[in-house]
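Fold and contact review
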Amino acid sequence: MDLKIGGKLFTVANMERRTVLHDLYLQRVLRRSGLDRAIPEPGEDPEAYSLRLYGEIIASGAVCELLGGYLLPLGTTEDQWSAELAAATAAHLGACNTEEDRRQVHQLAAEAVLGFFRRELRSLAISRISSRAAAEAQREPSAAR
């Protein structure tokens with residue numbers, strides 16, 4: 001899907017094809033924004049959690065920086081992504097000044113956060129399963145003594 005923001009065409013990067021540098025960039029932005037520490041609260045429903053994550057990224061001031069890792073200028077492939085390209089994309093988005101551009105940036109930020117939300121919940125579930133398995137494995141040898 002092609003997006004026109006501030007007169008420039010972009011496409012959403014395929015996160016399955018991101019490079020190691022691209023992945024590290026996104027992790028760095030997410031850590032600086034605090035999203036990596038925003039785990040679901042007990043009893044917090046998915047919608048409330050995703051809204052809280054969106055509020056966190058807005059409050060961090062890292063929306064354009066995050067989108068620099070989420071969008072590619074049209075015609076650019078994932079293996080051509082660079083931190084310099086992300087910085088140029090972030091600067092372009094930050095300078096956009098129409099209502100439509102602002103709406104698109106907010107919508108894309110919400111989509112990026114939802115992607116993080118999905119990956120985070122999957123990672124959290126895997127981590128909990130691994131922790132339980134490790135705890136059970138530690139109990140088994142002591143039960144045999």
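Now for a quick tour of the structure. For every chain, the first residue of the written sequence is number 1, and numbering continues from 1 along that sequence. Predicted model: local features are reported for residues with pLDDT of at least 70 only, side-chain atom pairs are reported and counted for 80 or more only, and whole-chain, interface and lining totals are derived from all residues. Heavy atoms from the whole structure form the basis of all side-chain values; hydrogens and water molecules are not counted.

**Notes on the overall build of the protein chain**
Counting from the N terminus, the helices are the DSSP runs of H or I reaching at least four residues and the strands are the DSSP runs of E reaching at least two. Helix and strand content of the protein chain: 5 helices and 3 strands. The order of helices and strands in the protein chain, counted from the N terminus, is β-β-α-α-α-β-α-α. Each residue gets one of three labels from its accessible area relative to the maximum for its type: buried under 20%, exposed over 50%, partly exposed in between, using a 1.4 Å probe on protein chains only. Counting over 145 residues, the protein chain shows a buried share of 34%. Contacts were defined at the residue level, with two residues in contact if any of their heavy atoms lie within 4.5 Å. Partitioning the contacts of the protein chain with sequence separation of at least 6, the portion at a separation of at least 24 is 70%. Accessible area of the protein chain: about 8900 Å², with a carbon and sulfur share of 54%. Only the protein chains shown count as cover for residues, with accessible areas throughout obtained via the Shrake-Rupley method and a probe of 1.4 Å.

**So, the packing of helix α1 (residues 20-33) against helix α3 (residues 63-70)**
At a minimum axis distance of 10 Å, the contact between α1 and α3 shows a crossing angle of 160°. The orientation of α1 relative to α3 falls into the category roughly antiparallel. α1 and α3 meet at a crossing whose hand is left-handed. The segment α1 lies against α3, with His22, Tyr25, Leu26, Val29, Leu30 and Arg32 engaging Glu65, Leu66, Gly68 and Gly69. Note that Gly is not counted as nonpolar here; it falls among the polar residues with everything else outside the nonpolar set of Ala, Val, Leu, Ile, Met, Phe, Trp, Tyr, Cys and Pro and the charged set of Asp, Glu, Lys and Arg. Here the contact of α1 with α3 is built from residues that sort into 5 nonpolar, 3 polar and 2 charged. Working convention: axes come from line fits to C-alpha atoms, limited for helices to the stretch in contact. Angles between N-to-C directions cover 0 to 180 degrees. Roughly parallel means an angle under 35 degrees; roughly antiparallel means over 145; roughly perpendicular covers 65 to 115; every other angle is labelled oblique. Handedness of a crossing is defined here by the sense of rotation of the near helix relative to the far one, left-handed for an anticlockwise turn of less than a right angle and right-handed for a clockwise turn.

**A short note on the nonpolar core**
Counting residues in each nonpolar core, the largest one holds 31 residues, and the members touching the most others are Ile5, Ile57, Leu66, Leu67, Tyr70, Leu71 and Leu108. Counting only elements with at least two residues in this core, the list comes to β1 (2-5), α1, α2 (46-60), α3, β3 (71-73), α4 (83-95) and α5 (99-144). Ranked by residues supplied to this core, first place goes to α5 with 5 residues. Contact partners of leucine 108, with chain neighbours within four places excluded, come to Leu3, Ile5, Val12, Leu67, Tyr70 and Leu71. Residues belong to one nonpolar core when they are buried, are Ala, Val, Leu, Ile, Met, Phe, Trp, Tyr or Cys, and are joined through side-chain atoms within 4.5 Å.

**Brief notes about α2**
Take the residue count of a helix, subtract one, and multiply by 1.5 Å to get its expected span. For α2, which comprises 15 residues, the first-to-last C-alpha distance of 21 Å matches the rise-based estimate of 21 Å (1.5 Å per residue) to within 8%. Considered for burial, the residues of α2 that qualify are Tyr49, Ser50, Leu53, Tyr54 and Ile57. Summarising the axial view, the buried residues of α2 lie within an arc of 140°, below the 170-degree limit, and thus occupy one face. Exposed residues lying more than 90 degrees from the buried face of α2 are Glu47, Leu51 and Ala59. N-capping of α2 is provided by aspartate 45, with a side-chain oxygen placed 3.0 Å from the backbone N of glutamate 47. Note that the arc is defined by the directions from the helix axis to the C-beta atoms. Residues adjacent in sequence count toward polar contacts only when both atoms are side-chain atoms; beyond that, a polar contact is any pair of N or O atoms within 3.5 Å, and within protein one must be able to donate a hydrogen and the other to accept it.

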